[in-house]
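Examination of the molecular architecture
Now for the letters of each chain:
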Number of protein chains: 2
Amino acid sequence: MEIMKVSSNSNPSKVAGAITSLLREHYQLQIQVIGAASLNQAMKAIAIARGYVAPSGQEIYCIPSFYDVTIDEQIITSLRLNVEIHEKDFSF
Amino acid sequence: MEIMKVSSNSNPSKVAGAITSLLREHYQLQIQVIGAASLNQAMKAIAIARGYVAPSGQEIYCIPSFYDVTIDEQIITSLRLNVEIHEKDFSF
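Presented here is an overview of the structure given in this document. (Residues numbered from 1 in each chain as written. Chains lettered and ligands numbered in written order. Predicted model: local features only at pLDDT ≥ 70, side-chain atom pairs only at ≥ 80, totals over all residues. Heavy atoms only, no water.)

**Quick notes on the packing of helix α2 (residues 36–53) of chain A against helix α2 (residues 36–53) of chain B**
- Here α2 of chain A crosses α2 of chain B at 80°, and the two axes come no closer than 8 Å. Overall, the two elements α2 of chain A and α2 of chain B adopt an arrangement that is roughly perpendicular. The segment α2 of chain A lies against α2 of chain B, with Ala36, Ala37, Leu39, Asn40 and Met43 of chain A engaging Ala36, Ala37, Leu39, Asn40 and Met43 of chain B.
- Class assignment for the residues of the contact of α2 of chain A with α2 of chain B results in eight nonpolar, two polar and no charged. (Axes fitted to C-alpha atoms, helices over the stretch in contact; angles between N-to-C directions. Helix = DSSP H or I, 4+ residues; strand = E, 2+ residues; numbered from the N terminus. Parallel < 35°, antiparallel > 145°, perpendicular 65-115°, else oblique. Contact = heavy atoms within 4.5 Å. Nonpolar A, V, L, I, M, F, W, Y, C, P; charged D, E, K, R; others polar.)

Okay, structure coming up:
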């Protein structure tokens, strides 16, 4: 699975373009973020990317999970997002 | 659809319990957050709630979108999350 890192300085529109093209090719990707500000940028990017795929009847779903990352010898628990693209009206 | 507001002071474990019981009853809900810190708490709560529903073969998906909220006569663009529960292996 493709892994993308999004930081607090990332431009959500550019990230949205990257998400869209990766999803069109691979159907799923993983976004790693560290801290609330980078998560915010990643979620904005996903909201924007939804608009890029909506005309073809698709929807972007994200699934958060925890992972541990070591920074300066300290273990920090951070979030990663599994992002998937599906046809919009899949059945329950 | 049920609407839940999560703030930066919310306890992710408690929010996770509330998310799980609302999803079991209604299959979907909306979480409104204002600011990166509250989004972070909401996403942590979803990650925790995934563990509560996983044993029954279900997965929680979230879909971010923008909405405008007026605070002190200022319009702020914020994120909301549509949260849905589905059987884990739905087809692409």
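**Overview of unusual backbone geometry**
- Even without being a glycine, tyrosine 27 of chain A presents a positive backbone phi close to 70°.
- When you line up the elements, tyrosine 27 of chain A lands in the loop between α1 (12–26) and β2 (28–33).
- A relative accessible area of 46% means that tyrosine 27 of chain A is categorised as partly exposed.
- The backbone of glutamate 73 of chain B sits at a positive phi, close to 65°, despite the residue not being glycine.
- You can see glutamate 73 of chain B is positioned in the loop between β3 (58–71) and β4 (74–87). (Buried < 20%, exposed > 50% of the residue type's maximum accessible area, 1.4 Å probe, protein only.)

**A look at the relation of the copies chain A and chain B**
- Between chain A and chain B, which share one sequence, the superposing operator has a rotation angle of 180° and an axial displacement of 0.0 Å; the RMSD is 0.0 Å. Between the two chains, the operation in question is that of a two-fold axis.
- Both copies share a contact surface, since 100% of the interface residues of chain A are interface residues in chain B too. (Least-squares fit on C-alpha atoms with pLDDT ≥ 70 in both.)

**Describing the interface of chain A and chain B**
- Of the residues lining the interface, 27 residues belong to chain A; the matching set on chain B comes to 27 residues.
- For the chain A and chain B pair, buried surface summed over both sides reaches about 2300 Å², with 79% attributable to carbon and sulfur atoms.
- Linking chain A with chain B are zero salt bridges, by the criterion used here.
- Where chain A meets chain B, there are three residue pairs in polar contact (both at pLDDT 80 or more).
- Where the side of chain A that touches chain B is concerned, the elements lending two or more residues are α2, β3 (58–71) and β4 (74–87) of chain A.
- Broken down by element, the side of chain A that touches chain B gets its largest block of residues, ten residues, from α2 of chain A. (Buried area = accessible area lost by both parts, 1.4 Å probe. Salt bridge = Lys/Arg side-chain N within 4 Å of Asp/Glu carboxyl O. Polar contact = N/O pair within 3.5 Å; in protein donor to acceptor, adjacent residues only side chain to side chain.)

**Digging into the pattern of salt bridges**
All names here are of chain A.
- The tally for this structure, following the rule as stated, stands at three salt bridges over all chains.
- Between arginine 50 and glutamate 59 there is a salt bridge whose closest N-O contact spans 2.7 Å.
- Assessed through its relative accessible area of 4%, glutamate 59 is described here as buried.
- Ionic pairing is found between lysine 88 and glutamate 59, a salt bridge with its closest N-O pair at 4.0 Å. You can see lysine 88 sitting in the segment after β4 and its partner glutamate 59 sitting in strand β3, a full 29 residues away along the chain.
- Each of the salt bridges in this network shares a partner with another, and the network as a whole consists of Arg50, Glu59 and Lys88.

**Remarks on the packing of aromatic side chains**
- Tallying each qualifying case throughout the model produces one aromatic pair over all chains.
- Between tyrosine 61 of chain A and tyrosine 61 of chain B, the ring centres sit 5.7 Å apart and the planes meet at 80°, which makes this aromatic pair edge-to-face. Taken together, the positions of tyrosine 61 of chain A in strand β3 and tyrosine 61 of chain B in strand β3 put the pair across two chains. Grouping residues by exposure puts tyrosine 61 of chain A and tyrosine 61 of chain B together as buried. (Phe/Tyr/Trp six-rings, centres within 6.5 Å; stacked < 30°, edge-to-face > 60°.)

**As for the nonpolar core**
- Formed by 47 residues in total, the largest nonpolar core has its most connected members in Ile19, Ile31 and Met43 of chain A together with Ile19, Ile31 and Met43 of chain B.
- Residues within four places of methionine 43 of chain B in sequence aside, it is in contact with Leu39, Met43, Cys62, Pro64, Leu79 and Leu81 of chain A together with Cys62 and Leu81 of chain B. (Core = buried A, V, L, I, M, F, W, Y, C linked by side-chain atoms within 4.5 Å.)

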